[in-house]
Amino acid sequence: MNTPTDEHSLKKGTAELLVLAQLEDEPRHGYDIATRIEQRSHGAVVFNVASLYPILYRLEAQGSISGWWVERAGQRRRRFYKLTAAGRKKLTQQRETWSVFMAAVQRAAGLEYA
Amino acid sequence: MRDFVAHVRRHLSRRDVPEDRFDEIVEELAAELESRYTTLLERGASDEEAWSAAAAQVPSWSSFARELASATGAPPPQKQRPSRLRMSLGLDRWLHDLKLAIRILRKDRGFTVTALATLTICLGGHAAILAGVNGVLFHPLRIPEADRVLLMANQYPAVEKRWGTVSAPPDYDDRLRHVTVMEEQALYNYSGVTLEIAGVPTRALGIVGTPSLLRLLRARPAHGRLFVDSEATPGNEQSIILSDRLFRELYNGDPAAVGRTVRVSGRELTIVGVLPRDFTFGGPDVRFWTPLALTERQRSDDARHSNGWTSIGRLNPGATIEQVRAQLKALDAVNLERTTPKLKPILINTGFYTSVEPLADVVVRDVQGPLSMLWGASIVVLVIGLGNLGNLAFARSRTRLSELGTRLAIGAGRFDVIRQQLVEGVLIGGLGAGAALAVGVSILSTLRRRELVTNTAIQIDLTVVGITIGLGIVAGVIVGLVSASPLFTMRLSSILHDGTRSRTGGRAVRATRRTLVVAQMACSFMLLVGAGLLWVSVRNLLNVNYGFALDNVITAGVNLPQPRYAADEDARSLVNRSLDSIRRLPGVVAAGATTVVPLRGFYQSGVIIAEGYVPKPGEPAVATVRSTVTPGYFEAAGTALVRGRYFDDRDTAESTRSVIVDESLARRFWRDEDPIGRRVFRPANAKELESTGPDTPWLTVVGVVRDAQLRGPLVTDFGTNGTVYFPYAVTAPRDFGYVIRTAGDPAALVPDIRSALSQVDRELPLFDIRTMSQRSELTLLSRTSTMQLATLFAAVAVFLSAIGLYGVLAYLVTQRSREIGVRLAVGSAPREIVALVLREGLGLAVGGVLLGVVGALSLGRLVASQLYGVTPTNPWVMVLMTLMLAAVATLACIVPARRAANVDVMKILSAP
């Protein structure tokens with residue numbers, strides 16, 4: 001079984017990739033991003049506010065995503081994030097890196113592709 | 001509805017995120033949390049559950065804050081802030097400067113060592129003297145409010161040239177009645193007794209005084225109590241209070257001693273109290289205190305002017321010494337009226353009056369002169385040393401110009417560099433002061449071990465430490481400021497452009513350095529002259545003809561205890577038998593006894609009337625030194641006979657009427673006529689003084705001896721009136737001393753003399769056993785010590801000045817090396833260059849000597865009181881010291897001069 005620390009380091013390594021990936025189709029706000037990750041991973045990867053927002057702000061500072069406020073009548077205003085051109089490039093790069101890495105690990109650790 | 005914005009604001013601090021984004025981020029996070037909360041409510045969770053779940057979205061706000069900070073670029077909240085105190089005092093900067101200073105000083109070893117050595121020597125010597133001055137001059141009486149304690153004394157200015165310090169017993173009652181502005185008065189005297197310490201009968205010193213004495217001194221007993229007035233009635237004096245020293249010697253500090261009895265000079269006294277260790281009034285030799293009970297006779301008019309007691313009083317709060325003076329004046333007038341008509345003119349002729357002055361002044365009078373002089377000398381040495389430090393710092397500042405320039409170039413502010421120099425300087429100053437204190441402590445402990453210093457008040461205490469450290473810091477600040485002086489005086493551009501080749505700082509600076517060296521030389525010269533004068537004085541004193549032999553004579557004191565020697569006959573018998581016994585010893589040439597052992601410091605004085613001598617109108621009565629001696633004394637002491645005879649067997653009965661006088665007295669009364677056969681009379685009290693007639697028991701002069709300086713050569717009061725010698729047998733005093741002349745080494749005979757005496761009386765202790773040459777050394781001890789210390793200071797001063805001179809010349813040569821190179825290149829001989837430097841250096845030295853001569857002549861007055869047989873303006877001493885200083889200055893000049901002559905011409909001329 002994976003221990004919590006193993007999971008934690010894996011999660012750290014893939015966090016940016018996961019977040020960027022959720023913004024591929026359309027802009028979302030933080031809660032939405034976290035919910036989607038949880039859903040698509042079938043509950044295996046859960047981001048709480050404390051884990052998600054530092055990543056969001058870091059990506060924003062890097063220029064991979066950009067955020068803006070959206071006002072909807074009757075509702076609290078929310079901050080939405082979208083991928084920038086640089087962000088898209090980064091997403092593609094990270095996807096590639098991870099696939100290559102995972103393939104290598106599979107071969108090296110004798111994992112069967114399930 | 002829950003307020004998530006407030007919740008976030010509560011946990012997130014403005015410092016964790018960039019200032020401008022704080023509100024936005026708060027809003028975003030709050031919205032996020034609220035969404036989750038709402039969703040959970042919609043799913044059916046309770047308000048509590050939903051809230052907890054939402055709050056749990058941020059398990060640790062501190063790590064969240066850290067992450068946010070690093071993500072958004074705000075500086076992470078510091079785990080360890082530098083302490084607020086350090087930041088507000090700017091201590092960080094000073095600490096940095098300190099570390100830098102330590103590094104620099106360690107690199108610049110030459111400068112550091114020289115500066116530290118100079119400071120240590122100068123401050124250390126000063127600290128040792130300051131300890132003496134502080135202990136002896138500033139706090140001579142260690143009692144509360146010592147400045148309110150006054151000494152009253154009878155003065156006879158027409159008769160006695162010196163200042164009197166004693167009074168007579170009747171004065172005590174008078175002053176109690178008339179001097180009302182004093183809250184307490186006391187009468188006391190020193191008393192010598194015999195008591196057994198560790199089984200050995202020992203002579204001990206104590207104070208016998210009215211019970212008011214200890215109260216006046218505000219003494220607090222460590223054990224037991226002080227005296228009460230009822231213990232001081234005649235016949236009732238059976239109590240004794242021990243000093244801490246005796247308390248430990250006899251009872252090892254056991255408080256049960258109070259109430260026990262102790263045998264003192266044959267009498268049993270009860271211990272009623274013990275004084276604390278720090279109560280040292282009267283000196284460290286005072287071992288006990290006994291109550292004084294004045295008899296009727298002592299209080300009567302008969303005892304007037306029989307001075308020998310010390311009368312002191314403590315002022316009422318708010319009273320002044322002037323008031324006491326006025327009251328004493330009134331008292332004197334009242335007493336004068338009461339004086340019998342016959343006595344009145346005699347009294348008036350003596351110029352009698354009662355004086356009053358602070359007791360502390362009297363106590364320090366004798367040591368004030370030498371100590372102040374030495375203190376002045378140590379300060380002069382200190383100033384000379386500071387001058388050297390200044391020159392050293394100056395030279396260093398110029399050679400470090402490039403370094404300073406670098407620091408300025410990389411952005412240090414002018415004041416930062418100045419501050420750093422100050423830190424360097426103060427560091428040196430502080431370290432120097434610390435080393436100086438260590439030196440001072442070791443000097444004092446050496447002096448104490450050699451018993452040259454016995455006063456326990458002389459300590460390196462807080463005052464001395466504080467002053468020394470303060471002086472060190474001042475020196476450090478001076479060094480720092482001088483080191484930083486280029487920053488004040490030179491333009492930044494000249495510093496940065498390699499200032500080493502700049503001129504020596506301009507005319508003004510050169511003149512300052514030269515003046516400094518001249519001043520140093522002048523000061524050294526004055527100290528040299530002072531030391532020289534003292535040396536001559538001491539030599540003169542050692543060559544004085546005392547009138548008695550200094551070699552091969554041994555002396556010892558004896559005190560016959562009252563109970564066993566109550567009758568005069570017993571005393572006479574003991575003296576005769578003991579002298580016989582001593583004379584029989586092989587190696588003893590002559591032996592005698594006397595009440596005034598030469599140079600022992602105890603003496604008696606009194607008035608002498610010569611038959612038929614008519615005093616001129618206004619001429620006071622003649623007071624002389626009185627000595628009571630046995631036959632054999634003069635032969636033992638080596639006092640030569642001029643006319644008539646010594647005392648002999650004719651004078652061993654109490655009925656004898658002989659006296660012997662010395663030349664001075666004979667001349668005084670009878671001029672050139674033969675004194676033998678003339679008659680004199682010694683009045684026992686004032687009453688006997690006023691009337692002489694056929695019934696007066698006249699004494700006949702049977703011999704005239706040479707003048708003897710019994711009290712040493714340094715006293716100049718009534719010594720000129722001479723000495724009168726009475727035969728022992730008449731009064732048989734119990735307190736006397738043996739004077740024994742030996743064939744060989746006198747000290748070797750001491751055990752034999754002791755046993756000879758103990759064969760006559762086993763319990764009789766001999767004390768204060770010294771040879772006459774030891775006594776003469778002791779008498780001059782303070783003079784010789786002062787001279788030696790003054791010489792030491794003078795030598796250090798000369799040494800420091802020489803270094804100062806050398807420093808200035810060496811620097812000069814370096815700065816003018818170009819000019820010297822040119823001179824050599826165009827044909828000057830090296831000899832001429834040497835002469836050039838020598839001229840420069842000796843010129844400064846000559847300037848110093850001239851200034852020093854002026855100084856010595858004008859300040860000579862200050863040391864005149866310490867001189868003997870030589871005036872402050874003695875030309876021979878001045879000439880000698882001039883030659884000495886010139887020799888030292890020449891030595892100091894030689895090295896720079898030779899270096900100048902050996903300048904590498906090519907190197908100098910080809911330098912850019």
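Quantities reported herein were computed from a predicted structural model and do not represent experimental measurements. (Residues numbered from 1 in each chain as written. Chains lettered and ligands numbered in written order. Predicted model: local features only at pLDDT ≥ 70, side-chain atom pairs only at ≥ 80, totals over all residues. Heavy atoms only, no water.)

**Points about the overall build of chain B**
Working step 1: Helices and strands together make up the secondary structure of chain B, namely 31 helices and 21 strands.
Working step 2: What you see for chain B is a C-alpha radius of gyration of 41 Å, clearly larger than the 29 Å of a compact globule of 912 residues, by over 25%.
Working step 3: Projected onto the principal axes, the alpha-carbon positions of chain B cover approximately 140 × 105 × 60 Å.
Working step 4: Per-residue burial for chain B yields a buried fraction of 49% across its 912 residues.
Working step 5: Partitioning the intrachain contacts of chain B with sequence separation of at least 6 by distance along the chain shows that 81% fall at a separation of at least 24.
Working step 6: Summed over all atoms, the accessible surface of chain B reaches about 43500 Å², with 58% contributed by carbon and sulfur. (Helix = DSSP H or I, 4+ residues; strand = E, 2+ residues; numbered from the N terminus. Rg over C-alpha atoms; globule rule 2.2 N^0.38 Å. Buried < 20%, exposed > 50% of the residue type's maximum accessible area, 1.4 Å probe, protein only. Contact = heavy atoms within 4.5 Å. Areas by Shrake-Rupley, 256 points an atom, 1.4 Å probe, with all protein chains shown as cover.)

**A few points about the packing of aromatic side chains**
Working step 1: Inspection of the entire model under this criterion finds 23 aromatic pairs over all chains.
Working step 2: Aromatic pair tyrosine 53 of chain A and tyrosine 57 of chain A: ring centres 5.8 Å apart, planes at 55°, arrangement tilted. Of the two residues, tyrosine 53 of chain A and tyrosine 57 of chain A both sit in helix α3 (residues 49-62), 4 residues apart, roughly one turn of that helix.
Working step 3: On the basis of relative accessible area, tyrosine 53 of chain A is assigned to the buried category, the value being 1%.
Working step 4: Exposure remark for tyrosine 57 of chain A: the relative accessible area of 1% places this residue in the buried category.
Working step 5: The structure contains a cluster of three or more aromatic residues connected by ring pairs, namely Tyr633, Phe634, Tyr646, Phe647 and Tyr725 of chain B. (Phe/Tyr/Trp six-rings, centres within 6.5 Å; stacked < 30°, edge-to-face > 60°.)

**Comments concerning the pattern of salt bridges**
Working step 1: Inspection of the entire model under this criterion finds 56 salt bridges over all chains.
Working step 2: In this structure, arginine 28 of chain A and glutamate 26 of chain A form a salt bridge, with 3.8 Å as the shortest nitrogen-oxygen distance.
Working step 3: With a closest N to O distance of 3.1 Å, aspartate 674 of chain B and arginine 643 of chain B form a salt bridge. Of this pair, aspartate 674 of chain B sits in the loop between α23 (663-670) and β17 (679-681) while arginine 643 of chain B sits in strand β15 (residues 641-644), placing them 31 residues apart in sequence.
Working step 4: The exposure class of arginine 643 of chain B is partly exposed, given its relative accessible area of 38%.
Working step 5: Beyond isolated ion pairs, a larger network of salt bridges with shared partners links Asp171, Asp174, Arg175, Arg177, Asp301, Arg304 and Arg338 of chain B. (Salt bridge = Lys/Arg side-chain N within 4 Å of Asp/Glu carboxyl O.)

**Things to note about the interface of chain B and chain A**
Much of the literature gives interface size as the accessible area that the parts lose upon coming together.
Working step 1: Each side of the interface is counted separately: chain B has 24 residues, and chain A has 20 residues.
Working step 2: Together chain B and chain A conceal approximately 2000 Å² of surface at their shared face, both sides included; 52% is due to carbon and sulfur atoms.
Working step 3: Along the contact surface separating chain B from chain A lie 4 salt bridges.
Working step 4: When the shortest N-O distance is used, the salt bridge between arginine 77 of chain A and glutamate 27 of chain B registers 2.7 Å.
Working step 5: Across the chain B-chain A interface, the total number found is 15 residue pairs in polar contact (both at pLDDT 80 or more).
Working step 6: Looking at the side of chain B that touches chain A, the elements with two or more residues in it are α2 (22-42) and α4 (61-72) of chain B.
Working step 7: Top element by residues in the side of chain B that touches chain A is α2 of chain B. It accounts for 12 residues. (Buried area = accessible area lost by both parts, 1.4 Å probe. Polar contact = N/O pair within 3.5 Å; in protein donor to acceptor, adjacent residues only side chain to side chain.)

**Examining the sheet that holds strand β3 (residues 78-83) of chain A**
Working step 1: Sheet architecture is open: 3 strands sit in the order β1-β3-β2 (chain A), paired in antiparallel fashion. Each edge of the sheet is formed by a strand with only one pairing partner; in this case those strands are β1 (28-29) and β2 (65-70) of chain A.
Working step 2: Here α2 of chain B sits on the sheet in contact with β2 and β3 of chain A, set at roughly 100° to β3 of chain A. (Pairing = 2+ DSSP bridges. Axes fitted to C-alpha atoms, helices over the stretch in contact; angles between N-to-C directions.)

**Regarding the nonpolar core**
Working step 1: Counting 61 residues, the largest nonpolar core has Val381, Ile460, Phe525 and Val529 of chain B as the members making the most contacts within it.
Working step 2: Ranked by residues supplied to this core, first place goes to helix α7 (residues 109-138) of chain B with 12 residues. (Core = buried A, V, L, I, M, F, W, Y, C linked by side-chain atoms within 4.5 Å.)

**Quick word on unusual backbone geometry**
Note on backbone geometry: most residues besides glycine have negative phi, and most peptide bonds are trans.
Working step 1: Of note in this structure, histidine 42 of chain A is not a glycine but carries a positive phi near 55°.
Working step 2: By the element assignment, histidine 42 of chain A lies in the loop between α2 (30-40) and α3.
Working step 3: Located in the positive-phi region is asparagine 252 of chain B, a residue other than glycine, with phi close to 55°.

**Description of helix α10 (residues 244-251) of chain B**
Residue and element names in this part refer to chain B.
Working step 1: Looking only at α10, the buried set comprises Asp244, Leu246, Phe247 and Tyr251. Down the axis, α10 shows its buried residues gathered within 160° of arc, on one side only.
Working step 2: Elements that come into contact with the buried residues of α10 comprise β2 (182-197), β4 (223-224), β5 (239-242), β6 (261-264), β7 (267-274) and β8 (286-291).
Working step 3: Looking one or two residues past α10, asparagine 252 carries a phi angle of roughly 55°, positive in sign. (Arc of directions from axis to C-beta.)

**A word on a nonpolar patch on the surface**
All names here are of chain B.
Working step 1: Taken together, the side chains of Ile469, Ile473, Val477, Leu481 and Phe488 define a hydrophobic patch exposed on the protein surface, amounting to about 390 Å² of accessible area.
Working step 2: In terms of residue count, helix α17 (residues 462-483) provides more of the nonpolar patch than any other element does, 4 residues in total.
Working step 3: Looking at where leucine 481 falls in the secondary structure, it is placed in helix α17. (Patch = residues over 30% accessible without salt bridge, like charges linked within 9 Å, V, L, I, M, F, W, Y side chains within 5 Å.)

**Description of the packing of helix α1 (residues 4-11) of chain B against α2 of chain B**
The angle between the axes and the distance between the axes are what describe a pair of packed helices.
Residue and element names in this part refer to chain B.
Working step 1: It is the contact of α1 with α2, at a shortest axis distance of 8 Å, that shows an interaxial angle of 125°. When the axis of α1 is compared with that of α2, the two are oblique. In the crossing of α1 with α2, the sense of the turn from one axis to the other is right-handed. Seen from α1, the contacting residues are Phe4, Val5, His7, Val8 and Arg9; seen from α2, they are Phe22, Asp23, Val26, Leu29, Ala30, Leu33, Glu34 and Tyr37.
Working step 2: Here the contact of α1 with α2 is built from residues that sort into 9 nonpolar, 1 polar and 3 charged. (Parallel < 35°, antiparallel > 145°, perpendicular 65-115°, else oblique. Left-handed = near helix turned anticlockwise from the far one by under 90°. Nonpolar A, V, L, I, M, F, W, Y, C, P; charged D, E, K, R; others polar.)

**Points about the pairing of strand β9 (residues 310-315) of chain B**
The side chains of a regular strand alternate between the sheet's two faces.
All names here are of chain B.
Working step 1: Taking burial as the measure, the 6 residues of β9 include 6 buried ones, the bulk of the element.
Working step 2: Of the two faces of β9, the one carrying Thr310, Ile312 and Arg314 and the one carrying Ser311, Gly313 and Leu315 are both buried.
Working step 3: For strand β1 (residues 149-155) and β9, the ladder comprises 4 bridges, and the chain directions are antiparallel. The partner of valine 149 across the bridge, within β9, is arginine 314.

**Re helix α21 (residues 568-583) of chain B**
Residues and elements named next belong to chain B.
Working step 1: Taking 1.5 Å of rise per residue, 16 residues should cover 22 Å, and α21 covers 22 Å from first to last C-alpha, within 8% of that figure.
Working step 2: Among the residues of α21, those classed as buried are Ala571, Arg572, Leu574, Val575, Ser578, Leu579, Ser581 and Ile582.
Working step 3: Elements that come into contact with the buried residues of α21 comprise β12 (588-594), α25 (728-731), β20 (735-742) and α26 (750-760). (Expected span 1.5 Å × (residues − 1).)

**What to know about the pairing of β3 of chain A**
Residues and elements named next belong to chain A.
Working step 1: With 5 of 6 residues buried, β3 is to be regarded as a mostly interior element.
Working step 2: Note: β1 against β3, 2 bridges, orientation antiparallel. Each bridged residue has a counterpart across the sheet, and for arginine 28 the counterpart in β3 is tyrosine 81.
Working step 3: As defined by bridge partners, β2 adjoins β3 across 6 bridges and the pair is classed as antiparallel. Following the sheet pairing, valine 70 is matched in β3 by arginine 78.

From the geometry alone we can't say anything about function, so treat these as descriptive.
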